[in-house]
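Secondary and tertiary structure notes
Here is what each chain is made of, one letter per residue.
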Amino acid sequence: EAQVTQNPRYLITVTGKKLTVTCSQNMNHEYMSWYRQDPGLGLRQIYYSMNVEVTDKGDVPEGYKVSRKEKRNFPLILESPSPNQTSLYFCASSSIRDSQETQYFGPGTRLLVL
Amino acid sequence: GQNIDQPTEMTATEGAIVQINCTYQTSGFNGLFWYQQHAGEAPTFLSYNVLDGLEEKGRFSSFLSRSKGYSYLLLKELQMKDSASYLCAAYTGFQKLVFGTGTRLLVSP
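Predicted model only: the values in this text are computed from it and were never measured.

Reading the values: rules and limits
Residues numbered from 1 in each chain as written. Chains lettered and ligands numbered in written order. Predicted model: local features only at pLDDT ≥ 70, side-chain atom pairs only at ≥ 80, totals over all residues. Heavy atoms only, no water. Phe/Tyr/Trp six-rings, centres within 6.5 Å; stacked < 30°, edge-to-face > 60°. Helix = DSSP H or I, 4+ residues; strand = E, 2+ residues; numbered from the N terminus. Buried < 20%, exposed > 50% of the residue type's maximum accessible area, 1.4 Å probe, protein only. 1 Å grid on protein atoms, 1.4 Å probe; cavity = no way out; pocket = protein on both sides within 12 Å on 5 of 7 lines; lining within 4 Å. Points joined across faces, edges and corners; volume = space filled by probe spheres on them. Nonpolar A, V, L, I, M, F, W, Y, C, P; charged D, E, K, R; others polar.

**With respect to the packing of aromatic side chains**
Residue and element names in this part refer to chain B.
- If you walk through the whole model with that rule in mind, you get 18 aromatic pairs over all chains.
- Here phenylalanine 33 and tyrosine 48 contribute two aromatic rings whose centre-to-centre distance is 4.1 Å and whose plane-to-plane angle is 20 degrees, an arrangement assigned as stacked. Here phenylalanine 33 is found in strand β4 (residues 31-37), whereas its partner tyrosine 48 is found in strand β5 (residues 44-49), with 15 residues between them in sequence. Comparing phenylalanine 33 with tyrosine 48 shows no difference in burial state: the two are buried.
- Between the aromatic rings of tyrosine 35 and phenylalanine 45, the centroid separation amounts to 6.2 Å while the plane-to-plane angle is 80 degrees, which identifies the pairing as edge-to-face. Taken as a pair, tyrosine 35 in strand β4 and phenylalanine 45 in strand β5 lie far apart in primary sequence, 10 residues in all.
- Here phenylalanine 45 falls in the partly exposed class, since its relative accessible area comes to 26%.

**A look at the layout of surface pockets**
- Its boundaries defined by the atoms lining it, the largest pocket holds a volume of some 570 Å³.
- Around the largest pocket sit 24 residues that line it, and A:Gln37, A:Asp38, A:Pro39, B:Gln37 and B:Ser85 are the ones nearest its centre.
- For the lining of the largest pocket, the elements supplying multiple residues, two or more each, are β4 (31-38), β9 (87-94) and β11 (109-113) of chain A together with β9 (84-93) and β11 (103-108) of chain B.
- Counting residues per element, the lining of the largest pocket draws most heavily on β9(B), which supplies three residues.
- Broken down by class, the residue content of the lining of the largest pocket amounts to seven nonpolar, 14 polar and three charged.
- Roughly 170 Å³ of volume is contained in the second largest pocket.
- Lining the second largest pocket are 14 residues, with B:Gln2, B:Asn3, B:Ile4, B:Val98 and B:Phe99 sitting closest to its centre.
- For the lining of the second largest pocket, the secondary-structure elements that each account for two or more residues are β5 (42-51) of chain A together with β1 (3-5) and β10 (96-99) of chain B.

Structure follows, in structure tokens:
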């Protein structure tokens, strides 16, 4: 089954404790992206990657890091989480060879930073 | 700048028709996506309009007017399961999506 997976789905942590949220897709998509979703603000892009070893900042990159060592994986790293990073996070992927370029979303990771 | 506007919330009755509007102003525009998102779940793709006009897909239709910076999603024969948020997103190129804040649709019996 074609899908985007994220782990963990739920996470409670404390300020300053480094964490990683994993994202994996099995569709051989070149493009992957991380979004955060907050009430009243909609989905905002954090980082994106056009292919292996190619990453770039989105609209709200502060406090986050990413890496793209393999095509299927695109982890999101919070080196020193703060309470304002409490949010619902989505990973998405798409094929740049697909004329429609539809992005497919993972199930989401709900993060609470105390 | 980038600006996507859609109503915050709408209500409708089961079996009715509802139209969710979206206006956009973006630097660069290639097309307009609509996604459906149930509470706490992932957005799922509904439609993508590139050219002006109406595209119909079962109970859902989507319309685009590029000259007016306007789109709408039309839902017919509403069902309870259609209660969800509907996200309008402008595709500005190079895989970049700019999302509106979403319209929460409540369908009542």
